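Letter by letter, the chains look like this.
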Amino acid sequence: MTLPGIKQFDLSGKAAIITGGSQGLGLAMAAGLASAGANVMLVNRNADEGAKAADELSRDFGVTARSFAADITDPAQAEAMVGAAQAAFGRVDILINSAGINIRGPIDELTPDDFKRVMDVNVTGTWLCCRAVTPLMKAAGSGKIINLASTLGLVGLGNRTPYTSSKGAVVQMTRALGLELAPFNINVNAICPGPFLTAMNIPIADTEEGKKFIVGATALGRWGHLREIQGAAIFLASDAATYMVGSMLTVDGGWTAR
Ligand SMILES: NC(=O)c1ccc[n+]([C@@H]2O[C@H](COP(=O)([O-])OP(=O)(O)OC[C@H]3O[C@@H](n4cnc5c(N)ncnc54)[C@H](OP(=O)(O)O)[C@@H]3O)[C@@H](O)[C@H]2O)c1
């Protein structure tokens, strides 16, 4: 018997949509997929940032990298995003839902709009993108959907009620959709990152409290490096992950191992 070995991680000829792909973890995962051979479409609201990031990926990895400006909270824009990727690549094999926001604060200092906004982007937006890509993947008879949950979808943390609520919902959405789409050969899984020093975390990065927290919360005592998210994304996007359904892959420096 011959097993496929490392070639299972080869994404040559595949096409991926990465929401939130203009920066941070989304861009790092897009670069990971591109390094494995995938063509990628980066999706975010700021068209200039998206175009700049796509140019860099084309140049660095020799794949076709496009950008598409869309607000994922709008159902029509989520569908237009999938249509644009299909037009550009003739297929959509992989969707990574990385667009997300965080609004922190004590519950009595947050507004109802703060809560709604976080739920709208992190939960409704993720759901809309999953919904938009499903018909194509069903028709193709295969697909990979990777949602970005968080350690904060698995454990609690004070002053984060909108974000933890939203990521808990992403965890459950991933499990439910994983079960729903498994019969169609579509693998739906999530990555639960620990702390990575992206724009989202700049507000806490330089505070004494923030620094102490990261050292104490993670077994490794440090922030994650952007390259450390890439393997998980390549794995879940690849043929190596065809038996993964509704899984939460933690990449968190040991935060949730305690
Ligand atoms: N960084 C961490 O430590 C960490 C830990 C656990 C989980 N996560 C999760 O990982 C994902 C990526 O986080 P990150 O740290 O890379 O964040 P980031 O650097 O702040 O990037 C967020 C991305 O989402 C896009 N975005 C935001 N709202 C959008 C909308 N309505 N429509 C379309 N795009 C939108 C942003 O671009 P525009 O503003 O141009 O739209 C940007 O590209 C998020 O889901 C986050 O919750 C992050």
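What counts, and where the lines are drawn
Residues numbered from 1 in each chain as written. Predicted model: local features only at pLDDT ≥ 70, side-chain atom pairs only at ≥ 80, totals over all residues. Helix = DSSP H or I, 4+ residues; strand = E, 2+ residues; numbered from the N terminus. Rg over C-alpha atoms; globule rule 2.2 N^0.38 Å. Buried ≥ 20, exposed ≤ 12 C-beta atoms within 10 Å, placed from the backbone. Contact = placed C-beta atoms within 7 Å. Near = placed C-beta within 6 Å. Axes fitted to C-alpha atoms, helices over the stretch in contact; angles between N-to-C directions. Parallel < 35°, antiparallel > 145°, perpendicular 65-115°, else oblique. Left-handed = near helix turned anticlockwise from the far one by under 90°. Nonpolar A, V, L, I, M, F, W, Y, C, P; charged D, E, K, R; others polar. Expected span 1.5 Å × (residues − 1). Arc of directions from axis to C-beta. Pairing = 2+ DSSP bridges.

**Re the overall build of the chain**
Moving on, step 1. Of regular secondary structure, the chain possesses 8 helices and 7 strands.
Moving on, step 2. Computed over its C-alpha atoms, the radius of gyration of the chain comes to 18 Å, within 12% of the 18 Å expected for a compact globule of 258 residues.
Moving on, step 3. Across the 258 residues in the chain, those meeting the buried criterion constitute 45%.
Moving on, step 4. Once local pairs closer than 6 in sequence are excluded, the contacts in the chain between residues at least 24 apart make up 72%.

**As for the site of the ligand**
Moving on, step 1. Neighbouring residues of the ligand: 29 residues in total, closest Gly20, Gly24, Arg45, Gly100 and Thr198.
Moving on, step 2. Elements with a contribution of two residues or more to the shell around the ligand: helix H1 (24-35) and helix H4 (112-140).

**Section: the packing of H4 against helix H5 (residues 161-181)**
Moving on, step 1. Running from amino to carboxyl end, H4 crosses H5 at an angle of 15 degrees, the nearest separation of the two axes being 9 Å. Looking at the two axes, H4 sits roughly parallel to H5. Both H4 and H5 take part in a crossing whose hand is right-handed. Of H5, the residues touching H4 (which contributes Asp114, Phe115, Val118, Met119, Asn122, Val123, Thr126, Trp127, Cys130 and Thr134) are Pro162, Tyr163, Ser165, Ser166, Lys167, Ala169, Val170, Met173, Leu177 and Leu181.
Moving on, step 2. The residue inventory of the contact of H4 with H5, partitioned by class, reads 13 nonpolar, 5 polar and 2 charged.

**Some thoughts on helix H2 (residues 47-61)**
Moving on, step 1. Along its 15 residues, H2 runs 21 Å from first to last C-alpha, staying within 8% of the 21 Å computed at 1.5 Å per residue.
Moving on, step 2. Among the residues making up H2, those that are buried are Gly50, Ala53, Ala54, Leu57 and Phe61. Looking straight down H2, one finds that the buried residues subtend no more than 100 degrees of arc, so they occupy a single side. Along H2, the residues that are exposed and aim more than 90 degrees away from the buried face are Asp48, Asp55 and Arg59.
Moving on, step 3. Looking at the buried side of H2, the elements it contacts are H1, strand S2 (39-44) and strand S3 (65-69).
Moving on, step 4. One or two steps after H2, the chain reaches Gly62, where phi turns positive at roughly 65 degrees.

**Looking at the sheet that holds strand S6 (residues 186-193)**
Moving on, step 1. Spatial strand order, S3-S2-S1-S4-S5-S6-S7: 7 strands in an open sheet with parallel pairing. Taken across any chain shown, the strands that pair with only one partner, and hence form the sheet edges, are S3 and strand S7 (248-251). Between one strand and the next, the sheet's axes are offset by a mean angle of 20 degrees, whatever the strand orientation.
Moving on, step 2. Strand direction decides the pairing type here: strand S1 (residues 15-19) and strand S4 (residues 94-97), joined by 4 bridges, are parallel. From the neighbouring strand, Thr19 faces S4, where its bridge partner is Asn97.
Moving on, step 3. On top of the sheet, H2 reaches S2 and S3; it is set at about 170 degrees to S3, its chief contact.
Moving on, step 4. Running over the sheet, H4 touches S1, S4, strand S5 (143-148) and S6 and is turned about 170 degrees from S5.

**Notes on H1**
The α-helix winds at 3.6 residues per turn, so residues separated by three or four positions along the chain end up facing the same way.
Moving on, step 1. Look at H1: 17 Å from first C-alpha to last across 12 residues, which is about the 16 Å you get at 1.5 Å a residue.
Moving on, step 2. With 10 of 12 residues buried, H1 is to be regarded as a mostly interior element.
Moving on, step 3. Directly after H1, the chain includes Gly37, whose backbone phi takes a positive value near 105 degrees.

**Here's the deal with the packing of helix H3 (residues 75-89) against H4**
Moving on, step 1. It is the contact of H3 with H4, at a shortest axis distance of 9 Å, that shows an interaxial angle of 40 degrees. Taken together, the axes of H3 and H4 lie oblique to each other. As for how H3 packs across H4, the hand of that crossing is right-handed. On H4, the residues that touch Pro75, Ala78, Glu79, Met81, Val82 and Gln86 of H3 are Leu128, Cys129, Ala132, Val133 and Leu136.
Moving on, step 2. When the residues that make up the contact of H3 with H4 are grouped by side-chain class, the tally is 9 nonpolar, 1 polar and 1 charged.

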